[in-house]
Every structure is written in structure tokens, then in C-alpha cells.
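Inside the fold
Here is how the chains run, residue by residue.
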Number of protein chains: 2
Amino acid sequence: MSEQATQRRTRGGGGAARRAERSAVSFETAKFIERNIPNFEILTEEALEIIETNAETVLEEVGVNFVNNPGALALWREAGADVQGERVRIPRGLARQLCQTAPSQFTQYARNPARNVEIGGKNLVLAPVYGPPFVHDVKGGRRYATMDDFNNFVKLGYMSKWLHHSGGTVCEPTDVPVNKRHLDMLLAHMTLSDKPFMGSVTEPSRAQDSVDMCEILFGKEFVQNNTVMTSLININSPMTFDDVMMGSLEVYARNNQAAIISPFIVGGAMAPVSVAGTLTQVMAEVLAGIAYSQLVRKGAPVIFGAFVTSIDMNSGAPTFGTPEAAHITYGAGQLARRMGLPYRSAGSFCGSKLPDAQAAYETSNSLNMGLLSGVNFMLHACGWLEGGLVSSYEKFVMDADQLGALHHLARGIAVDENAQAMDAIREVGPGGHYLGCAHTQANFKSAFWRSELLDYKPFETWAEEGSRDTMALASARVDKLLGDYVQPAMDPAIAEALNAYVTQKKASMPDAFL
Amino acid sequence: MSEQATQRRTRGGGGAARRAERSAVSFETAKFIERNIPNFEILTEEALEIIETNAETVLEEVGVNFVNNPGALALWREAGADVQGERVRIPRGLARQLCQTAPSQFTQYARNPARNVEIGGKNLVLAPVYGPPFVHDVKGGRRYATMDDFNNFVKLGYMSKWLHHSGGTVCEPTDVPVNKRHLDMLLAHMTLSDKPFMGSVTEPSRAQDSVDMCEILFGKEFVQNNTVMTSLININSPMTFDDVMMGSLEVYARNNQAAIISPFIVGGAMAPVSVAGTLTQVMAEVLAGIAYSQLVRKGAPVIFGAFVTSIDMNSGAPTFGTPEAAHITYGAGQLARRMGLPYRSAGSFCGSKLPDAQAAYETSNSLNMGLLSGVNFMLHACGWLEGGLVSSYEKFVMDADQLGALHHLARGIAVDENAQAMDAIREVGPGGHYLGCAHTQANFKSAFWRSELLDYKPFETWAEEGSRDTMALASARVDKLLGDYVQPAMDPAIAEALNAYVTQKKASMPDAFL
């Protein structure tokens, strides 16, 4: 079956296009954002040079650890690094030089070609929350996530107009054995959505399964020549590259699949308690990680990642949407652009336990800075709750709605003759009103972004309808989207081959829950 | 009494300083924000020139109306404008030239000199919500505002660390006659707070009362030589300057008191449905308004105002925190800076009926763009609800807490040796942690902004404490702040003189409720 699917795909992209055409019901997805606004450049040239110089000093003097990974140490030694035990000290300039073979922009292909995304440049691709072991909704409260929840979040992502990417671990399906759940998760992304997605990184063998399944979905040759997955490789900050993550990175890089090389930092705990110090460490870690990806395969697509937040020094809890996180996100964006690499940061971050005002303040702070800091790939763009412990149904649709505002912001300001509206100003004159004028009639439909969720009704109408808060409106929208969901069409032979792969793989291993 | 107070004040600022010193309890207020970050420049030079040229064309060809105001028409005619009936057409370049005498920055004095604010330049002064006829809190719901509410909001403003300004009509005290309530409102700002405040603009005679009361508080000569009020003069868009607002502006300008000259625009209704068209109209209106202030008195302190939001074309309701409002706010900031004038825009805007997630998304969008657009005076910085119909107790303290994040964001990123933290990175090394290192110990207290309201606790603790959402936390904080409130000390002679003025003025008029 896999063989048949492969043959079908290797005839070219036409098959995917034809399959998309056959889909009876199609849900609108906005094109990835192409920014027509400047980035916010918070650091001066001088400050950037200090941080870059210090990062090289860290790599040269302190170095990084590649744990349990003799192959990586050999590659580094061969490239000219000073390797002592697991410590790799990288001479000034070497990491940056190695990074030069990484592409500045790449296409991630989706099975529906209309959903392909361009990662890098002025583009911004939005993907949902990643990783929470719990889910929350108004009806059921907070509980461990299951595969049913996972499928629901994939469906919600497919139905969300402003979301370009299906993501990866939209929640952890804790009812499926740890060593098998990646198979079900991949199958869900591949069959319940036609948007691009992420692969597994929890074991190198699971990364390989991800590649194998993509070869069924896209065809073997297509996968070797094109990027069909963007996966999340976290650095174990400070400056530690563990064998599980690096093993997965190696699988993806060898197969030409993209990886986000991303420190995961709570400032004050895993990095210095200052912004400049944290940026220095981020820069050093990403330099080392991306350089390593290019040692594995020159030209492997990668993303400069920065997941950095601050800590509440009273309780030790990570805090989100804070000004220090904004500083780091803006600054890291500048560092990524100076390296000519796609940039990943920001998201719907919040520490709140509920999708309430705290959640929205924190999230909105982060989404806005994400757009202005030049992020190219925004993971966690919707649905994140409680410091990433929880995927929230309601917050998923609330945030996803706000992503529409980012699209409109990014358009910038038109100043063509129609936008100048001089005829309208002349027509209306002092004391008049614009509601009925010709320019308004011609332009009002597309002029303003309109939320599909928030309440714009007069108080009296709103009160008559039950005085619903945003959470209640979002709960109704979750039900509506899941109710309206129609699975995108797929070649039955490919679906069968994917199912057969998953069934066979699962049968080949005993269940493991750790 | 007034005379005694005057003599005391005219001996210099020492009296105010001594009075402040005598105050037994002092509540911390942050200094106004001095930005150490760049502004976000969304429009290109070319786009700015188009808008500026078009604004001059509007003034020259279409003109503006000065309604019911023969004195204004005479001043315009004398200055070289083409006056036909109430229509004033202003030759290209004239308005801009007249605006040149307006100061680019000015000090607004408070009775406590530690609370003086600098308006203009890189500074940002934050003032609370202005104008709502209703109030809302969790306990009492939505209801007409009273003088008790007004006093409470002044007290909350005084107790809010990140709020620099006491504002003006923090809510409309509907239980006091319309023609007398300005007296009670001014008395509240003057006696319950020691932060700077705004004067009345609802009748020229009430503006004069505001000046008279300030002369009691600050001394007559001090008021004539210094700005002690910043008041809100709205333009009746499109391009209409009514006699009530202009009459109040005339009183303030003649007395050297500051005015925000601000269009109040719902885009698509009072201005074209395009951003560039709206910016053109804003520019034309502000040019005409500020030019007029300088015709009344050269050098009168003014602020380039832009209250602009979008409209929901389905319902006709104004919408807040939208991307189009952001475009206009960013663009108008550039226009104001090119004129060398202080800029007023943004605020805690939202359309929501409750201080819920919608309110917070919309508000956070607006607060963030306000900071980055270079706003110098942000009215409505906290407490706005339901499109400005409601002053919300809970949202007041929620937003006021978020204003702390703006202060920290505006600090920018330090790159001195301590901030570089190279010793910390060397000390900790790969795989270590920073919580105990010397650099963290030395810096953690001031490193990160910390909310005084939001919940950072673990889920279990939060659940044990009653699973409170942000609204519930805010309600408790309102009670705490009002409970802790202590009135700032005031010279009893001045207090007596102010009370006597208010009593005498009230007795001199019959009540009017329209």
C-alpha cells in the first residue's frame, strides 16, 4: 500500500491538487501573513554587536554539552571545535560560518497545496498550542487530555480561518501509551486536516516514524526533496543538547525536514536574570544548535527559536506576557534577522487558570509583540492556558479569532487614491456623515476587521441574550465549529496505507506508559 | 481666603513641598514614563507627505465650520483665512505656520510637586477613564454613576502606583445637577488626590470656574504663569468646531492652561472608511484646532489628540482594540511628531459589557500600541468599559496593574556590564541553574515586573483558594485599595476656601438637570 501511494505521489504535485478539488466541503483558511509593516527594532546596532560578541565568547570559553552523543562529538571535532569529554568549545566565528548554509526561507508543503506555507522573510505562519497534558473547557473543567481531545483540537485548527498550520502535540493524549501516541497524533493531523503539521521528537525512532508516514502521505521522493514537516527541537538550557532531541534533529535534518532549534528558558532559572544576558545565552545556544544541524546535513531547513519567559521571583512560577519577555522576543528577532534565519517566538502565552481577563491581557501582549518582532513561525498561537499545562477549548477559539486582527495589522496602511478618500471628504464636508457616501458604500465590506466571536451588541440586547461573557461565547463557538466539521477528502488508498502503518507499528511494540 | 491662599502660593513652590512633607501617609506613584525605546513608525516618508498635503487641501478647499462663534470667525479672517458664513477655508500652509508657536513639551503642575508631569518629548503620562454615565462592579452590576462613585474612582486613581494623573470626569455624577457637578468633581480631584487633573469643558463658564478654583489651590499668579490643568477639547468631526468646546478652549488658552485638541471619530461614520482618509481628516482637524488655540493666545500649551476607532458595519457599533484603530494611532503619532507637538491617543478601550477576556484583549491591544505609537498623554488608560458608557471598578484596577508592564517595557534593554551577565554564564555553565548564582541574587528584586493583581499560583493552591477569576481578584483589590485610602494632607485654609467657593457657586444657581 505504501508502495502504491509512493508511486502516485512521485508523479508530481498534481495528485494532491486533484484530491483537494474533489473535496466537497472546503473551509476557508487565510494565506500565511505577508507583513507589509516594519519590524520593531528595540536594540541599537551597538547593543546587538555586544550580544553577538559575548555569545561567541560563551561558545569559545564556556562551550556547550552534547550529552550521550559520540557521533555529534566526532562531527564537532572534525569541524574544528575543542571537544573535552561531552563539552564542545567552538572557536569564535566557526558556529556562525557553519550556519551560513541554512536557508533563509523555505516552503513547508501541505497535502492540500493551497495550504503550503512559506517560512522566513516577511512571512508569519501561525500554529496552535503544543504540549499540554491537560485540557480545559467550561463544561468539563480541567482534566487529563485524551486522544478524543487531540482529535477535537486538530478539527478546531482545521476549521480556524486564521490558523495556517495544524501544529504538533496540540495536547498530550494520555490515554494512549507513550511509545505509540505519536502514531495516532500524526494520523490525526494527516487525515483530519489538510494543513501542514509537525513531527514527533520524543525519540529518534519516532521522528523516523514521522518521516515514514510522510513518505506514505506525500511520496518518498517528494519528502526527500521537499520539507513536509517542521518539528520542535528544544535545547536543554543552559547550553545542553540532549541525545533524544539531537537524535530527532539528526533524523529530520538527514531527511531534509525542518526543525525549530529553540532554547526553552525561564529567565532567572535557565538563563541570567537580565535581558541582555538571556539574549546572549539564546544566541550562543541557537548558534551551536543550528551549526550542528548543518554539520548533519548542509542546507537542512531550520528556524531560530526563542521560547523565553520570565519568572515570578516570589513563587518561582514562570510568568507570561511580561515586559521582559517582550524585550527578549524583540531582541532575539533582530539577532535572527541578522543571521538571515527564520525566527520562531511568542504565542498565546498566559499563566491564568481560566480563559479570563488575565489570560487575554497576557496573550494579547505576546501576540502583538510576536507580530512586531518579526516572528516567522508562531507556535502556541492559540489555545495555551496555565503556563502551558492546559490546552483550553474556549481559549483556542478566542485566540484564533484574535489572530485575524494580526492579519489585518500586518497589511499596513494603503495610501493609493481610493484609500486617500479625498472625494469622500469633499462629498461629506463639515458636519455631515460618511455612512451613506459613495466611498463608504464601495469600501465598507473589506475596510475593517470584524471578530467572529466577540460581542458588539448594545447592552440591552446582550442582557436579553443572557449576559454572556467571552468564555460562554467561546464555548458556543467550539460546539458550532466541531458540529460543522467535515473531514477533508483523502485518497482512500493513502488513508488505508497510513492506517496499516500505524496498526502494524503498534502491534510491534508492548505498551509503555513512561 | 482665596487671597490668603494666593499669597502663600506666590512665594514659590516651597509651600506645596512642605505640605507634601507633612502628609503622614504617602502612597507610591511611579514617575511618568520616559521612553528608552524607539517609536513604531508604520508610515513611510512618502505616505506621510501625501497625508499632510491632502490635509492642507482639505483645509483650503473644503474648510472647517466654527459654529456660533463670531469672535473665532473674526480671528480667522484677521489671520488670512477665507471666511464665508461659518465656513473657514485656510490657505495652504497658514494653519501649520500658526501651530509653530505651540510648545513641544510642557509641565503640568500638581499640588504635590513630586506628582508634576512632563507632557511631550519621550514622555508618557497616564490618566484614567473619562466620561462614562454608568459604573459597573461585580457586586452592584451596571448602574448610573453618582458622586460617591466619582469620589471612589478619584481615590482609586490616587492609590494606583502606575497612574500619574487623576484625570477629569472619571464618571458622570448623575445625582448632582448638570450645572453644578463640575464643582464637586474639581473639589474631589483637588482634595482627595494630589495628582494633576483636568478642568471642565461643558460650558465656558465652567472652564472659568475650573480656573478660579485652581487659583485658590495654586495661587493666582502661579496659575497665570504655569499649566495646572490639561482639559479635553473634542472636535465635532467631521470638521466642526462648536461654540461650547471652543468657548472652553478660549478660557483655557487665555489662562495658559493646556488643552487636548482631539477629533472624536468612529471611522466610517465621522471620517472616511479608510485609514489614510481618516488620518487626513484628523490632521486637517487638529491643524485647524491647534492653529485656533494659537490665535487665541500664542504659546498656549496644546496636545495633538486622536480618538479614533472603527465601526462594526453590521451593527453600527463602535469597535475597539481593532487593527484599523492601531493603524490610525501609529500613523497619527508620526504626524504629531512631525509637527513637534505632544500626542494623545489610545487607552483601555473595549466594547465588552464585562471586564472579561474580550475587554482584556481589546484593552491590551490598545495599551501596547499606545506605548509604541509615541503617545505622550494617554487618557482612558484604565477603567473604560462598554465603549465608554461604563466606568468599571474592577477593570480600573486590572488595567492600572497592566500599566506597570508599560513602564517596564519603556525602559528598554540595558547592555551595561552587569546586564551582560557574562560572569553568571561562566559561573553556571552548561546544565547548571541560575537561581542561586551571585548575579541572580544581586539583581532578582528589580529584574522583572511583577503584577500586584494577577494570579501566579499553582493550580492546586488557586483551586483551594476558591478558583477566583481576574474579576474576583480585582474586586478584592478594589476593596483593599479603598479600605487603605488615606486622604493626602492639605492646608486647611485652602480646603476651606475651595469649599466656600463651591458652596457659594452652587447657591448662586438653580439646579439644572439637562
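Overview of the structure. The numbers attached to residues start from 1 for each chain and follow its sequence in the written order. Numbering of ligands from 1 and lettering of chains from A proceed in the order in which they are written. Only residues with pLDDT of at least 70 are given local features in this predicted model, and only at 80 or more are side-chain atom pairs given and counted; all residues enter the totals for whole chains, interfaces and linings. No hydrogens and no water enter the side-chain calculation; it runs on all heavy atoms of the structure.

Throughout this description, the term salt bridge denotes a Lys or Arg side-chain nitrogen within 4 Å of a carboxyl oxygen of Asp or Glu. A complete count under the given rule lists 54 salt bridges over all chains for this structure. The partner of K31 of chain A in a salt bridge is E34 of chain A, and the shortest N-O contact between them spans 3.0 Å. Between R338 of chain B and E52 of chain B there is a salt bridge, with the nearest N and O atoms lying 2.8 Å from each other. Highlighted residues: R338 of chain B in helix 12 (residues 323-339) and E52 of chain B in helix 3 (residues 45-62), separated in sequence by 286 residues. Of the residues examined, R338 of chain B reaches a relative accessible area of 32% and is grouped as partly exposed. Helical segments are the DSSP runs of H or I of at least four residues, strand segments are the runs of E of at least two, and each set is numbered from the N terminus. Burial here depends on accessible area, computed with a 1.4 Å probe over protein chains only, as a share of the maximum for the residue type. Under 20% is buried, over 50% is exposed, and the range in between is partly exposed.

With that settled, the discussion passes to the sheet that holds strand 4 (residues 87-89) of chain A. Residue and element names in this part refer to chain A. Read from one edge to the other, the open sheet built from four strands follows the order 3-4-2-11, with strand pairing classed as mixed. The two strands at the open ends of the sheet, each matched to only one other strand, are strand 3 (82-84) and strand 11 (240-241). In this analysis, strands are considered paired if DSSP registers two or more bridges between them. Bridge count between strand 3 and strand 4: three bridges; the pairing is antiparallel. Looking at strand 4, one finds that V83 is bridged to V88.

Moving on, we come to helix 7 (residues 181-192) of chain A. Residues and elements named next belong to chain A. Here helix 7 contains twelve residues, and its C-alpha end-to-end distance of 16 Å stays within 8% of the 16 Å for a straight helix at 1.5 Å per residue. Burial within helix 7 is extensive, with twelve of its twelve residues counted as buried. Taken together, the buried positions of helix 7 are R181, H182, L183, D184, M185, L186, L187, A188, H189, M190, T191 and L192. Note on contacts: a residue pair is in contact if any heavy atoms of the two residues lie within 4.5 Å. Buried residues belonging to helix 7 abut helix 6 (147-159), helix 8 (204-218) and helix 20 (492-507). In this analysis, the expected span of each helix is defined as 1.5 Å times one less than the number of residues it contains.

So, on to the relation of the copies chain B and chain A. When the copies are overlaid, the least-squares fit takes in C-alpha atoms only where the residue has pLDDT of at least 70 in both copies. Overlay of chain B on chain A (RMSD 0.0 Å): rotation 180°, translation along the axis 0.0 Å. Expressed as an axis order, the relation between the two copies is that of a two-fold axis. Closest approach to the rotation axis among the C-alpha atoms of chain B is made by A357 of chain B, whose C-alpha sits 2.1 Å away. Mapped onto chain A, 100% of the interface residues of chain B are again interface residues, and the two copies thus contact each other with one and the same surface.

What follows covers the interface of chain B and chain A. By a widespread convention, an interface's size corresponds to the accessible area lost as its parts come together. Facing the 109 residues of chain B at the interface are 109 residues of chain A. Note on chain B versus chain A: buried area summed over both sides is about 9100 Å², and carbon and sulfur give 69% of it. The interface formed by chain B and chain A holds six salt bridges in total. Where D455 of chain A meets K353 of chain B, a salt bridge forms, and the shortest distance between an N and an O atom there is 2.5 Å. What qualifies as a polar contact is a pair of N or O atoms within 3.5 Å, subject to a donor-acceptor requirement within protein and to the restriction that residues adjacent in sequence count only when both atoms come from side chains. At the boundary of chain B with chain A, the tally comes to 45 residue pairs in polar contact (both at pLDDT 80 or more). For this classification, Asp, Glu, Lys and Arg are treated as charged, while Ala, Val, Leu, Ile, Met, Phe, Trp, Tyr, Cys and Pro are nonpolar and the rest, including Gly, are polar. Here the residues of the side of chain B that touches chain A are counted per class, giving 55 nonpolar, 37 polar and 17 charged. Values labelled buried area give the accessible surface lost by two parts on being combined, using a 1.4 Å probe and summing over both.

Residue and element names in this part refer to chain B. We call a pair of cysteine sulfur atoms a disulfide when they lie within 2.5 Å. All chains considered together, the criterion is met by zero disulfides over all chains. Looking at C214, it has no disulfide partner, and the nearest cysteine sulfur is the one in C171, 20 Å off. Residue C214 is classed as buried on the basis of its relative accessible area, which comes to 0%.

Once that is clear, we can look at the pairing of strand 7 (residues 123-126) of chain A. Consecutive side chains along a regular strand alternate between the two faces of the sheet. All names here are of chain A. Every second residue of strand 7 is oriented toward a common face, with N123 and V125 on one face and L124 and L126 on the other, all of them buried. Sheet topology note: the strand 1 (residues 33-34)/strand 7 ladder contains two bridges and is antiparallel. The residue bridging I33 from the neighbouring strand is L124, located in strand 7. Where strand 7 and strand 17 (residues 377-378) come together, two bridges link them in parallel fashion. Among the inter-strand pairings, V125 is bridged to a residue of strand 17, identified as F377.

A separate point is unusual backbone geometry. Peptide bonds are mostly trans, and most non-glycine residues show a negative phi. Omega for the bond connecting S237 of chain A with P238 of chain A falls within 30 degrees of zero, at 5°, which places this linkage in the cis form. You can see P238 of chain A is positioned in the loop between strand 10 (230-235) and strand 11. One non-glycine residue with positive phi stands out, namely A346 of chain A, at about 60°. A346 of chain A gets classed as buried once you look at its relative accessible area, which sits at 2%. Positive phi, close to 60°, is recorded for N68 of chain B, a residue that is not glycine. Mapping N68 of chain B onto the fold places it in the loop between strand 2 (64-66) and helix 4 (70-79).

All names here are of chain B. Ordered by their spatial adjacency, four strands build an open sheet running 9-8-19-18, and the pairing between neighbours is mixed. Each edge of the open sheet is held by one strand with a lone partner, namely strand 9 (141-144) and strand 18 (384-385). Here strand 8 (residues 134-137) runs beside strand 19 (residues 390-392); their pairing, made up of three bridges, is parallel. Note on strand 19: the bridge partner recorded for H136 is S392.

Note on geometry: axes are lines fitted to C-alpha atoms, helical ones only across the stretch in contact, with angles between N-to-C directions running from 0 to 180 degrees. For the pair helix 14 (residues 393-410) of chain A and helix 12 of chain B, interaxial distance at closest approach is 8 Å and the crossing angle is 40°. Of the two possible hands of crossing, helix 14 of chain A and helix 12 of chain B adopt the one that is right-handed. From helix 14 of chain A, A405, H408 and L409 of chain A reach across to helix 12 of chain B, where they touch P323, E324, A326, H327 and Y330 of chain B. Handedness of a crossing is defined here by the sense of rotation of the near helix relative to the far one, left-handed for an anticlockwise turn of less than a right angle and right-handed for a clockwise turn.

In this section: the side chain of T278 of chain A. Residue and element names in this part refer to chain A. Along the polypeptide, T278 turns up in helix 11 (residues 275-296). Assessed through its relative accessible area of 1%, T278 is described here as buried. A distance of 2.8 Å separates the side chain of T278 from the backbone oxygen of P272, its partner in a polar contact.

This part covers the pairing of strand 12 (residues 258-266) of chain A. Residues and elements named next belong to chain A. Across the nine residues that make up strand 12, a large majority, eight, are buried. Summarising the sheet, strand 10 and strand 12 pair through six bridges and their orientation is parallel. Residue pairing for strand 12: S231 is matched across the bridge by A259. Where strand 12 and strand 13 (residues 302-305) come together, three bridges link them in parallel fashion. Bridge assignment links A259 to a residue of strand 13, and that residue is V302.

With that out of the way, let us pick up the packing of aromatic side chains. Whether two aromatic rings pair depends on their centres lying within 6.5 Å, for rings of Phe, Tyr and Trp, where Trp uses its six-membered ring; planes under 30 degrees apart make the pair stacked, over 60 edge-to-face, and the rest tilted. Tallying each qualifying case throughout the model produces 37 aromatic pairs over all chains. Ring geometry for Y158 of chain B against Y485 of chain B: centres 5.8 Å apart, planes inclined by 80°, an arrangement best described as edge-to-face. Here Y158 of chain B, found in helix 6 (residues 147-159), pairs with Y485 of chain B, found in the loop between helix 19 (470-484) and helix 20 (492-507); they are 327 residues apart in sequence, far enough to count as distant. Here F304 of chain B and Y343 of chain B contribute two aromatic rings whose centre-to-centre distance is 6.1 Å and whose plane-to-plane angle is 75°, an arrangement assigned as edge-to-face. Separated by 39 residues along the polypeptide, F304 of chain B in strand 13 (residues 302-305) and Y343 of chain B in strand 16 (residues 343-344) bring together distant segments of the chain. Residue class for Y343 of chain B comes out buried when judged on its relative accessible area of 1%. Connected via pairs of aromatic rings, a cluster forms that spans F264, F307, F320, F349 and W384 of chain A.

Purely spatial values, then, with no claim about function.
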